[in-house]
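Per-entry structural report
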Amino acid sequence: MKGRRVTDDAKRSGFSRRSFLRGGAAGALSGGLTTGLLTGETASAAAATDPEATETLGPGPVEIELEVNGATRRLAVEPRVTLLDGLRDRLDVTGPKRVCDRGTCGACTVLEDGRPIYACSRLMIESAGRSITTVEGLGSPDAMHDVQQAFVDHDAQQCGYCTPGFVVATAALLTRNAAPSEPEIEAGLGGNFCRCGTYKGIRAVVAGGKGGGVSGG
Amino acid sequence: MRPFGYAAPATVEQAVGLLAAEGSEALAGGTDLLSLLKDDVERVDRLVALRGVAGLSGIELDGGRLRVGAMTTLQELRDHEDAIEALPALAVAIDGVASAQLREMGTVGGDLLQRPRCWYYRRGFGLLALTADGRSMAAEGDNRYHAIFPAGEARFVNPSSLAPLLVALGAEAVVHGPAGERRLPVEALYRAPLSPGERENTLAPGELLAGVEANVDGSRSAVYEVRQRRSLDWPLMAAAVTLTGSGPRAEKARIVLGHAAPTPHVASAAGDLLSGQELTSETVAAAANAAVEDARPMSGNRYKVQLARTAVRRALGHAAGMEI
Amino acid sequence: MADYSWPEADRRAQIGARPARLDGPVKSTGFAKYPSDQNPDGLLAAKILTCPHAHARIVGIDTSAAEAMPGVRVVHVIQGEGSEIQWAGDEVAAVAAVTEDLARDALRAIRVDYEVLPHFVTEEDRDGAPGARPAGERAEGDPDAAFATAHRAVERTLGMPQMAHMCLEPHGQVCSWDGDELEVHASTQAVSTLAGQFATELGLPASQVRIRTEYMGGGFGSKFSPDRWGIVGAELARKAGAPVKLFLERDQEVTVAGSRPSAFARIRAAADERGKLVAWDSDSWGSGGLPGTGQTPLPYVFSRLPNRRTRHTSVPTNLAGSRAWRAPNHPQACFLTMAVLDDLADELGLDPIDFLERNLDLTGRPDTYREQLAIAAEMASWKERWQPRGREREGALQRGLGVSVHTWGGRGHSSNCDVTVHPDGAVEARIGSQDIGTGTRTIVAQVLAETFGLELHQVRVSLGDNVYPQSGPSGGSSTVGGVTASTRRAAQDALREVLVHVAPRLEAEPEQLVAGGGRVFVDGDSSRGMSWREAAAQIGGAPISVQGRNPGPGRLISSGVGGVQIAEVEVDVDTGVVHVERMIAVQDCGLIINRRLAESQVYGGLIMGVGYALYEEWIPDPVSGRLLNADMEFYKLAGLVDVGSLEVHMMTGPGYDERGVIGLGEPPVISPGAAISNAVANAIGVRVPYLPLTPDRVLDALAGRGEPA
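Residues numbered from 1 in each chain as written. Chains lettered and ligands numbered in written order. Predicted model: local features only at pLDDT ≥ 70, side-chain atom pairs only at ≥ 80, totals over all residues.

This brings us to the overall build of chain A. For chain A, the count of helices and strands is 7 helices and 5 strands. Expressed as a percentage of the 217 residues in chain A, the buried residues total 62%. Pairs at least 24 residues apart make up 62% of the contacts formed inside chain A by residues separated by at least 6 positions. (Helix = DSSP H or I, 4+ residues; strand = E, 2+ residues; numbered from the N terminus. Buried ≥ 20, exposed ≤ 12 C-beta atoms within 10 Å, placed from the backbone. Contact = placed C-beta atoms within 7 Å.)

So, on to the overall build of chain B. Secondary structure assignment for chain B yields 12 helices and 12 strands. Projected onto its principal axes, the C-alpha coordinates of chain B cover approximately 55 × 55 × 35 Å. Across the 324 residues that make up chain B, the buried fraction comes to 65%.

A few words on the sheet that holds strand E4 (residues 59-62) of chain B. Residues and elements named next belong to chain B. If you walk across this open sheet you meet the 5 strands as E4-E5-E8-E6-E7, and the pairing is antiparallel. Edge strands, defined here as strands with exactly one partner in the open sheet, are E4 and strand E7 (180-185). Pairs of neighbouring strands in the sheet enclose a mean axial angle of 20°, with direction left out of account. In this sheet, strand E8 (residues 208-215) lies alongside strand E6 (residues 172-177) in antiparallel orientation, the contact comprising 5 bridges. (Pairing = 2+ DSSP bridges. Axes fitted to C-alpha atoms, helices over the stretch in contact; angles between N-to-C directions.)

Let us look at the interface of chain A and chain C. With 52 residues of chain A in contact, the opposing surface of chain C contributes 50 residues. In terms of residue class, the side of chain A that touches chain C is made up of 22 nonpolar, 16 polar and 14 charged. (Nonpolar A, V, L, I, M, F, W, Y, C, P; charged D, E, K, R; others polar.)

Contacts between the two partners involve 51 residues from chain B, matched on the other side by 51 residues from chain A. Taken together, the residues that form the side of chain B that touches chain A break down as 24 nonpolar, 17 polar and 10 charged.

Counting buried positions along helix H17 (residues 695-702) of chain C gives 7 out of 8 residues, so the element sits mostly inside the fold. Regarding H17(C), the residues found buried are C:Pro695, C:Asp696, C:Arg697, C:Val698, C:Leu699, C:Asp700 and C:Ala701. Those residues of H17(C) hidden inside the fold are in contact with helix H12 (303-320) of chain B together with strand E26 (561-572) and strand E27 (577-588) of chain C. Positive backbone phi, at 80°, marks C:Gly704, one or two positions downstream of H17(C).

So, on to the sheet that holds strand E4 (residues 115-118) of chain A. All names here are of chain A. The 5 strands are arranged E2-E1-E5-E3-E4 in an open sheet whose pairing can be described as mixed. The sheet is open, and its two borders are formed by strand E2 (71-77) and E4, each paired with just one other strand. Geometrically, the sheet is characterised by an average inter-axis angle of 40° between neighbouring strands, direction not taken into account. Where strand E3 (residues 109-112) and strand E5 (residues 131-133) come together, 2 bridges link them in antiparallel fashion. Across the sheet, the residue bridging to Glu112 is Ile132, located in E5.

Take the packing of helix H8 (residues 330-348) of chain C against helix H16 (residues 672-684) of chain C next. Residues and elements named next belong to chain C. Their axes nearest at 8 Å, the elements H8 and H16 cross at an angle of 30°. Looking at the two axes, H8 sits roughly parallel to H16. In the packing of H8 onto H16, the handedness of the crossing is right-handed. The segment H8 lies against H16, with Pro331, Cys334, Phe335, Met338, Ala339 and Asp342 engaging Gly673, Ala674, Ser677, Asn678 and Ala681. Of the residues in the contact of H8 with H16, the class split is 7 nonpolar, 3 polar and 1 charged. (Parallel < 35°, antiparallel > 145°, perpendicular 65-115°, else oblique. Left-handed = near helix turned anticlockwise from the far one by under 90°.)

A separate point is the pairing of strand E24 (residues 525-531) of chain C. All names here are of chain C. In this structure, strand E23 (residues 519-522) lies alongside E24, joined through 4 bridges in antiparallel fashion. By the bridge assignment, Val520 is partnered in E24 with Met530. The turn linking E23 back onto E24 is made up of 2 residues, and Gly524 within it adopts a positive phi angle of 95°.

Let's shift gears to helix H10 (residues 366-379) of chain C. Residue and element names in this part refer to chain C. Helix length check: H10 (14 residues) gives 20 Å between terminal C-alpha atoms against 20 Å at 1.5 Å per residue, within 8%. Among the residues making up H10, those that are buried are Thr368, Tyr369, Gln372, Leu373, Ala376 and Ala377. The buried residues of H10 occupy an angular sector of 150° when projected down its axis, which confines them to one face. Where H10 is buried, its residues meet helix H9 (352-358), helix H11 (382-385), strand E18 (397-408), E26, E27 and strand E28 (645-651). Taken from the residues just after H10, Ser381 is the one with a positive phi, measuring 50°. (Expected span 1.5 Å × (residues − 1). Arc of directions from axis to C-beta.)

Glancing now at the confidence of the model for chain B. This prediction gives chain B a mean pLDDT of 96; 100% of its residues lie at or above 70. The ipTM assigned to the predicted complex is 0.97, against a pTM of 0.95. (pLDDT = per-residue confidence, 0-100.)

Residues and elements named next belong to chain B. With 4 of 5 residues buried, strand E5 (residues 65-69) is to be regarded as a mostly interior element. By the bridge criterion, 4 bridges tie E4 to E5 in an arrangement that is antiparallel. Note on E5: the bridge partner recorded for Asp62 is Arg65. Linkage of E4 to E5, two consecutive antiparallel strands, is achieved through a turn of 2 residues, within which Gly63 is found at a positive phi near 55°.

So, on to the environment of B:Glu42. Residues and elements named next belong to chain B. For Glu42, the position within the fold is in the loop between helix H2 (33-38) and strand E3 (46-49). Expressed as a C-alpha distance, the spacing of Glu42 and Met1, which sit 41 residues apart in the sequence, is 9.7 Å. Residues in contact with Glu42, not counting those within four places in the same chain, are Leu36 and Leu37.

Note: most peptide bonds trans; most residues except glycine with negative phi. For the bond running from A:Gly58 to A:Pro59, omega is 5°, close enough to zero to count as cis. Locating A:Pro59 in the fold gives a position in the loop between helix H1 (45-48) and strand E1 (62-68). A cis amide bond, omega -15°, links C:Leu298 with the succeeding residue C:Pro299. Note that C:Pro299 resides in the loop between strand E16 (277-286) and strand E17 (307-314). Of note, the phi angle at B:His259 is positive, near 60°, even though the residue is not glycine. Locating B:His259 in the fold gives a position in the loop between strand E11 (252-258) and strand E12 (265-266). With a phi angle near 65°, C:Val301 is a residue other than glycine that sits in the positive phi range. Residue classification places C:Val301 among the buried residues on the basis of 28 C-beta atoms within 10 Å.

Structurally, C:Leu168 is set in the loop between strand E9 (163-164) and strand E10 (172-178). Sequence separation of C:Leu168 and C:Gly30 is 138 residues, and the distance between their C-alpha atoms is 15 Å. The residues contacting C:Leu168, other than those within four sequence positions of it, are A:Val99, A:Ala107, A:Cys159, A:Tyr161, A:Cys162, A:Arg195, C:Gly217 and C:Gly218.

This part takes up the packing of helix H11 (residues 281-291) of chain B against H12(B). Residue and element names in this part refer to chain B. Axis separation between H11 and H12 bottoms out at 8 Å; the angle between their running directions is 140°. When the axis of H11 is compared with that of H12, the two are oblique. Here H11 runs over H12; the crossing is right-handed. Across the interface between the two elements, Val284, Ala285, Ala287, Ala288, Asn289 and Ala291 from H11 touch Ala308, Arg309, Val312, Arg313, Leu316 and Gly317 from H12. In terms of residue class, the contact of H11 with H12 is built from 8 nonpolar, 2 polar and 2 charged.

We now examine the environment of C:Lys27. With respect to the secondary-structure elements, C:Lys27 resides in helix H1 (residues 24-28). Judged by local crowding, C:Lys27 falls into the buried class, with 28 C-beta atoms found within 10 Å. Each C-alpha atom, one on C:Lys27 and one on C:Tyr215, is 9.1 Å from the other, the two residues being 188 residues apart in sequence. Setting aside its immediate chain neighbours within four residues, C:Lys27 contacts A:Gln157, A:Gly160, A:Thr163 and C:Ala32.

Structural data, given as structure tokens:
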């Protein structure tokens, strides 16, 4: 698949040192299993005794750093600001759309460290130190990602408001599995909804053009 | 959302310490809690982010014992081939969350402790949704998605995707708190609140669900969910069953309904009926009927009794590998 | 008298082709800036406080705490003390602040005291409705006598509740003032008419209001007016001296920004021994919220049914007023009619397609329907696969087929278009229309390119701005006819002017010249010609600019279409879950400009139709009077994997093309509810009387507890 690669190379120490912790802790999520699982013995002694690690930030603005579409962005946000609102209102990254704002419709889908998430249901401060890819980061009108090109080719869009989320979710699905089965399509795109009714075209995108669709020619 | 503070502890001890303070809530995947805060249904002074807490995430399968950290995402669990091979019903329960985004964000602990979806609760009328003069809004209003086994005035349903299966398996929850670790059956995490101030889970202030453990050897389990849409949609009803013993006879059967009651509903009469019995279409049908014998549907959810019967029948059929 | 017409079939390069929509790349990359994406410098965020009660009087309102909050710029009371509120979600006050979160904080600080009044929201309960009122009664022939002598009759009580437009981009706008000039980036279907409405409300000359809508995220009939939040947004911006963005929250969008009226009816229909319809009697009611609602056209399509009586009752409720919803009144009328006819066919022991065919003389276009029914039946393998009701397959999963027919007008609206040819060969159209997702931008470009013999990338289309010539609101499938007629006329006139300049160089008369393939040449002798660029250079130093106006029906456009749809469903009779396996649509729409976009409209109609047939409904709470599903969790749209396989056949070519362009947005959304309901009845042997076909309703019907009260 051509287009910008979706990477998982976040520098996960995205809080500014002045206001917050010295990195590392946020990286523990995917740090793998240790034998002490579920017994509470896994924490390093250093972290456990680091008084700053339990500092409460906010409710006022907190300086954070994150990567958005390949560029390092630094800004001060209140903890209550969602990733979606932070992207749209603070960074003017308006590809992801706010539709349901309750983690249901998929229009705000972005990749966080390569994984599809609902940006409306993630606090921006939680994405500090991580890498965010929005639909704009996959490609541009002059250099479209394959999936974006396929959305054009199969007329998988009408008003276009669900499209950014669908493009990102579809790219994530096809990265996981280039030829998904019906249950895999259900699992991959069940969390995105369109109102105009563009599913025929999106089906064709997922099928790599083999599913008919609303194509040219 | 109202303003709140944010803390990101690195250890379970730190998290427990932070959570002990009044007004603190644990933030896991965020897919439920942020909606509750946006709707002003719940309020917090401080969110304690568990994403960076060491040791809360991971999957272990050791001698038939499955251990899953509470911050393990549903997708991580779904992608763990050994766990799914040992307990295929997990895949059904997780795939029921038909949204890649929710599976990537949502955690095992978050799934178990998510708050009810009751539309009265979500609109600020409280878990019991009583009017000023003490009448039940759910009973008098629209209850098509509500409990067929209400408990007192609690008429919402437990929404967890994993709880019915874990309860059927007899899984244990591992809880950390100010007093250290305690273990309890997963079903003991839940209760039906009796008064408006009560929650539907039994965690004390400062306590944190760290993970779950279950024996997955020597039994057959299945989950069947009735969902209206194949796309993201709450089940209208779910059944999980675990049969011990092999062959056509079930030594012991545990049958648990989800989306049926304020807690995962253990249909013990139905399980008892099957225990020691050969599974035939007759015994399965009898168990399905027994599972709903004491159902008390309301004005608009009688159909859920039928759904429960069907879900039990189909789950049993899948677990026993028979056509029902 | 100039001749305006479409090129002959063998001379069309663009018309009827399948080019991709021109704004596809900006949309699929997220580069398209919608009104809700506008972030001008100094932007303030505004939020609206709504009433939580379905019926109440405001007895006190105190905004002082909100006004004192840091970051709050303006607090505006919309309905003050003494106001009577008639639905939950009605607007009470608004706040503009430096961030959205601060604006929401301020809303929570506004104290409103209400005297709560009794409410009524259960629209299906006509007898319990305090404001129910007769809204029309008509009779033709002698229905009582016809029923008395009829061979077979059925009586059914059927209904479908109110449902939402659920535009993904919520209603709203960004308002900016420059002195006393207002600019509004509005999510609207009515770029050219909105300015006047803003101006009236704000006390401005309309010439001082600029409306811009380059892209917009869905309207479906709900975005024709500035609405109260538009005027409030402009007032907040004026008071704050800063641009203000005000878009509805999702719960507000679902509750107040658009719904389709409900329709319920007790219907009797009868036929004679030959299967000919002889009598109809319908007693219908419905609600569009507080205003109630008028009658749906019954009997639908078979409107020449001889002996008929129709009565209607309007049921006002304490819910926000309904709006035009894609094909207003038709989906309701279609469901009520086609379900009863389908049941009557079953009563007569007839295949429903056979039954419809026997009665096509009662419709306005028997030949079209006959042809369409045959094509649809062929596509569905109806003859081989259709079985009468009651022939169950083994197991819980039952399959069924259902059919429905529909009609729509689709006449082009009033439209003006400026076409300019520049001496360097550049060609552009400016038109005060809007592309609401149907592809208006693309089809205007195709008409331009066709007329001048150019490629799509060689022409430019500007729309979505009221500084361009007036073009009508996009509603009722009126846009494609309007904009193609005005554009074609302007383009033909402009080309004629160019040809006058070119003719002497080619030693020919202008009438002998044609444009095609990037050239201008003598018709029949392409060697006598020149490139388009060279031709344009002949016009001198100044561009040619011509305005075209759609004068109404003629050779370019007309109206009136028919369509047939067949649904195939699978019903799990143990759970009541219905899955649509397949939808087939056969549709005519006159001359098609863009086959691909036309098909997309039909697919979209089918998909939206699956939504309202199976999932979508407003759920008002009788206790609180509030909508219980003002969200996207329990207000359920159909998902990608819920709509089955979709097949579209467009009626096109000789016999259809000569009619000119006819709109297509509405017709395909009319039949799905009826076709799917009929397929379910065919699968399970009984009618599920209500839409949407939810498991509870299906199981109730199977248990013999079907009919609504």
